[in-house]
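# A look at the structure
Each chain, letter by letter, is given below.
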Amino acid sequence: MKKILLQGAMDIETDYFVEQVKNLPDYEYYKENGFEFHMATAGSKRYIVSTTGMGTVKAAMATTFALERFHPTLVVNQGTAGAQARDLSVGDVILVEAAVNINQMSMPKKELGEGSDPFSWEKGSQTVYYEADRALMELYSKMEYTSGRMRKGKVATGDIFSRETDRIIWLEENYGTCAEDMETAAVFEVCEAFGTPCTALRIISNNELKDAEFNEETARLLQEYIWKITYEFL
């Protein structure tokens, strides 16, 4: 039996998944140590829905708990992301090829009174690009997506919400990323350690470079797309 862990950081990023599993005949709600899961079986597939909480630490904790407790055979991490490229619009979807933790940075030494210059910061010596499972990534591009464009790309993960145009452009240029979130790299790292195939999709919910404000409706669009592929093709 395939056990599929479907993740989102916020309630708006998992509410559609929860609705779907609640409609299945053997729905089960599980809670332990602050972690909540909605589970159900349809045919040869077991769905496990997890709202991880926002940020790298919460995402890593929730993923580790789920892998140890339920032993999923694959993980799908998904949700909203802010664009780092001007050509991305709200509603576009990124098939994540790799994710990098941008919290890992090295700063040059400055004495008292010399101020701070974030543009002089460099990637930390332990910076790693964690890659998605290629077969899963290709599977989740199988169905036509009609609410925007779909493209492959790298995402930046950090415990920040970037709204400074120069900084967003700097991150794109220095990390080769096209969007920013708070969870993907952490989930990829945990899944790599456990040897569990993992893929990620991110829908552009805002683009500060074009003054496009956060649109929470995008979270449901992505869930609907992922659920249809998961239910029909996986």
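This text follows the structure it describes.
As the structure is a prediction and not an experimental result, all values here were calculated from the model. (Residues numbered from 1 in each chain as written. Predicted model: local features only at pLDDT ≥ 70, side-chain atom pairs only at ≥ 80, totals over all residues. Heavy atoms only, no water.)

### Section: helix 5 (residues 184-194)
For helix 5, the full list of buried residues reads T184, A185, A186, V187, F188, V190 and C191. With its phi angle positive at about 70°, G195 sits one or two positions after the end of helix 5. (Buried < 20%, exposed > 50% of the residue type's maximum accessible area, 1.4 Å probe, protein only. Helix = DSSP H or I, 4+ residues; strand = E, 2+ residues; numbered from the N terminus.)

### Let's talk about the packing of aromatic side chains
For the structure on display, the rule yields eleven aromatic pairs. Measuring from centroid to centroid gives 4.7 Å for F35 and F65, while their planes differ by 20°, and the two rings are stacked. Remark: F65 occurs in helix 2 (residues 56-70) and F35 occurs in strand 3 (residues 35-42); sequence separation between them is 30 residues. Given a relative accessible area of 16%, F35 falls into the buried group. By relative accessible area, F65 is classed as buried at 12%. Ring geometry for F119 versus W170: centroids 6.4 Å apart, planes at 70°, classification edge-to-face. Note that F119 is positioned in the loop between strand 7 (105-106) and strand 8 (122-123) and W170 in helix 4 (residues 165-175), a separation of 51 residues in sequence. Take W170: its relative accessible area is 11%, and that puts it in the buried class. (Phe/Tyr/Trp six-rings, centres within 6.5 Å; stacked < 30°, edge-to-face > 60°.)

### With respect to the packing of helix 1 (residues 15-22) against helix 6 (residues 217-232)
Viewed as axis vectors pointing N to C, helix 1 and helix 6 meet at an angle of 40°, and their least axial separation amounts to 8 Å. Taken together, helix 1 and helix 6 sit at an angle that is classed as oblique. The segment helix 1 lies against helix 6, with D15, Y16, F17, E19, Q20 and V21 engaging R220, Q223, E224, I226 and W227. Classifying every residue of the contact of helix 1 with helix 6 gives five nonpolar, two polar and four charged. (Axes fitted to C-alpha atoms, helices over the stretch in contact; angles between N-to-C directions. Parallel < 35°, antiparallel > 145°, perpendicular 65-115°, else oblique. Contact = heavy atoms within 4.5 Å. Nonpolar A, V, L, I, M, F, W, Y, C, P; charged D, E, K, R; others polar.)

### Things to note about unusual backbone geometry
The phi angle at H71 is positive, at roughly 50°, despite the residue not being glycine. In this fold, H71 is placed in the loop between helix 2 and strand 5 (74-83). On the basis of relative accessible area, H71 is assigned to the exposed category, the value being 53%. Of note in this structure, D211 is not a glycine but carries a positive phi near 55°. Within the fold, D211 resides in the loop between strand 12 (198-206) and helix 6.

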